[in-house]
Amino acid sequence: MKTAIIILNYKDYQATADCIASVNKSDLPLRSTIYVVDNSNDPARQRLLQKQHPHIKIIKNRRNYGFAKGNNIGIKLAIKDGATHLLILNPDASIPKVFFKPLLNHLNKDPKIALIAPGHLHNNQITLGGFLNRFTGMAKHQTIKRIRNKSTLTFHDYVSFACVLLKADVVKKIGLLNDQYFMYFEDVEYCLKLRSGGYSIAADPSVLISHQTSSSFSSSLKKLKYLVPSHFRFIINNLHGINKLTALVYQSLHYPYLYLLWTHHHWRYRRISTT
């Protein structure tokens, strides 16, 4: 068994270094390699990252390829190097000391589970996997305050690829992420593709990571530049018949409303913070 940890960096080298530090303190399997896919390409800062781990490879991209294509580059190299398991990990996430062992155990026990994710702890809330409403096109994560049963896996339509462990053999069979998406919804589409291939999408509530959600953006409004086109692409690619029509209409109304709401909160916050 050989595990690859793929971390996609864009300009935030400190967060990436902290993420690597949490990986080093975990129950990292002996035959492991950390791949940092650098979408910002700063050679001086890359040398700092290489000091974090004896088995680290820096992949230097000439420009920012986005989430899907950036991770695909790391996945392809890891599989070429003989990886059997692939951990996609956001640099703004921190994993606990006991992490790999329980997740790998679940993957190796059940051939139907293609991938497994931990719970995400953020603002005193725990986020597990999500479910898709095909009528509206809304993909919503399950969020809970407290885990009642840590010993039972939960199964979902999709999980966040901010932290997910995949079987390399499944990736070889199903393929890579759809790099038509720059950011957002590539993980939802990939999970649906796996489910249509007969695989299960699991989350382990006994393993919790700390995740600074949406740390890539200074404000929620900036997310819309990537979120809106990705969401519409997802609907067109994956919904059919009346569901595609209703979802397109719903989101055509939803996003203008969301823009106005977030704009109001943004300017209200700025007004309060400057008084």
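Source: prediction; values computed, not measured. (Residues numbered from 1 in each chain as written. Predicted model: local features only at pLDDT ≥ 70, side-chain atom pairs only at ≥ 80, totals over all residues. Heavy atoms only, no water.)

A. Examining the packing of aromatic side chains more closely. A complete count under the given rule lists five aromatic pairs for this structure. Measuring from centroid to centroid gives 6.0 Å for phenylalanine 161 and tyrosine 190, while their planes differ by 70°, and the two rings are edge-to-face. On the criterion of sequence distance, the pair formed by phenylalanine 161 in the loop between β9 (154–155) and β10 (163–167) and tyrosine 190 in helix α6 (residues 186–196) is long-range, its members being 29 residues apart. Among the residues examined, tyrosine 190 registers a relative accessible area of 5% and is labelled buried. Note on phenylalanine 232 and tyrosine 255: the rings are 6.3 Å apart at their centroids and 45° apart in plane angle, and the pair reads as tilted. One end of the pair, phenylalanine 232, is in helix α7 (residues 220–238); the other, tyrosine 255, is in helix α8 (residues 241–273), with 23 residues separating them in the sequence. (Phe/Tyr/Trp six-rings, centres within 6.5 Å; stacked < 30°, edge-to-face > 60°. Helix = DSSP H or I, 4+ residues; strand = E, 2+ residues; numbered from the N terminus. Buried < 20%, exposed > 50% of the residue type's maximum accessible area, 1.4 Å probe, protein only.)

B. Structural context of the nonpolar core. Counting residues in each nonpolar core, the largest one holds 46 residues, and the members touching the most others are Leu86, Leu115, Phe161, Leu166 and Leu194. It is α6 that provides the largest number of residues to this core, a total of five residues. Those residues in contact with phenylalanine 161 that lie beyond four places of it in its chain are Phe67, Ile88, Asn90, Leu115, Leu166, Leu177, Asp187, Tyr190 and Cys191. Residues Val23, Phe99, Leu165 and Val207 belong to the second largest nonpolar core, which totals 30 residues. (Core = buried A, V, L, I, M, F, W, Y, C linked by side-chain atoms within 4.5 Å. Contact = heavy atoms within 4.5 Å.)

C. Here's a closer look at the side chain of lysine 2. Examined against the element boundaries, lysine 2 turns out to sit in the segment before β1 (3–9). No salt bridge is formed by the buried lysine 2; the nearest opposite charge belongs to aspartate 81, separated by 5.7 Å. A polar contact of 2.8 Å, which involves the side chain of lysine 2, links it to the backbone oxygen of aspartate 81. (Lys, Arg positive; Asp, Glu negative; His and termini not counted. Salt bridge = Lys/Arg side-chain N within 4 Å of Asp/Glu carboxyl O. Polar contact = N/O pair within 3.5 Å; in protein donor to acceptor, adjacent residues only side chain to side chain.)

D. Structural context of helix α1 (residues 13–24). Spanning 12 residues, α1 covers 16 Å between terminal C-alpha atoms, matching the ideal 16 Å at 1.5 Å per step. Listing the buried residues of α1 in full gives Tyr13, Ala15, Thr16, Ala17, Cys19, Ile20, Ser22 and Val23. (Expected span 1.5 Å × (residues − 1).)

E. A look at unusual backbone geometry. The residue lysine 11 is not glycine, and still its phi comes out positive at about 75°. Tracing the backbone through its elements, the reader meets lysine 11 in the loop between β1 and α1.

F. Broad picture of the pattern of salt bridges. Inspection of every chain in the model, using the stated rule, returns three salt bridges. In this structure, arginine 195 engages aspartate 157 in a salt bridge whose closest nitrogen and oxygen atoms are separated by 3.4 Å. Of this pair, arginine 195 sits in helix α6 while aspartate 157 sits in the loop between β9 and β10, and the two are 38 residues apart along the sequence. In this structure, lysine 172 and aspartate 169 form a salt bridge, with 3.7 Å as the shortest nitrogen-oxygen distance. With a gap of three residues between them, lysine 172 and aspartate 169 both fall in helix α5 (residues 168–174), about one helical turn apart.

G. Highlighting empty space enclosed by the protein. Under the definition given, this model contains one cavity of 30 Å³ or more. Roughly 30 Å³ of internal volume is contained in the largest cavity. Taken together, Ile75, Ile88, Phe161, Leu166, Val171, Gly175, Leu176, Leu177 and Tyr190 make up the lining of the largest cavity. Taken together, the residues that form the lining of the largest cavity break down as eight nonpolar, one polar and no charged. (1 Å grid on protein atoms, 1.4 Å probe; cavity = no way out; pocket = protein on both sides within 12 Å on 5 of 7 lines; lining within 4 Å. Points joined across faces, edges and corners; volume = space filled by probe spheres on them. Nonpolar A, V, L, I, M, F, W, Y, C, P; charged D, E, K, R; others polar.)

Remember that the coordinates give geometry; whether it matters functionally is a separate question.
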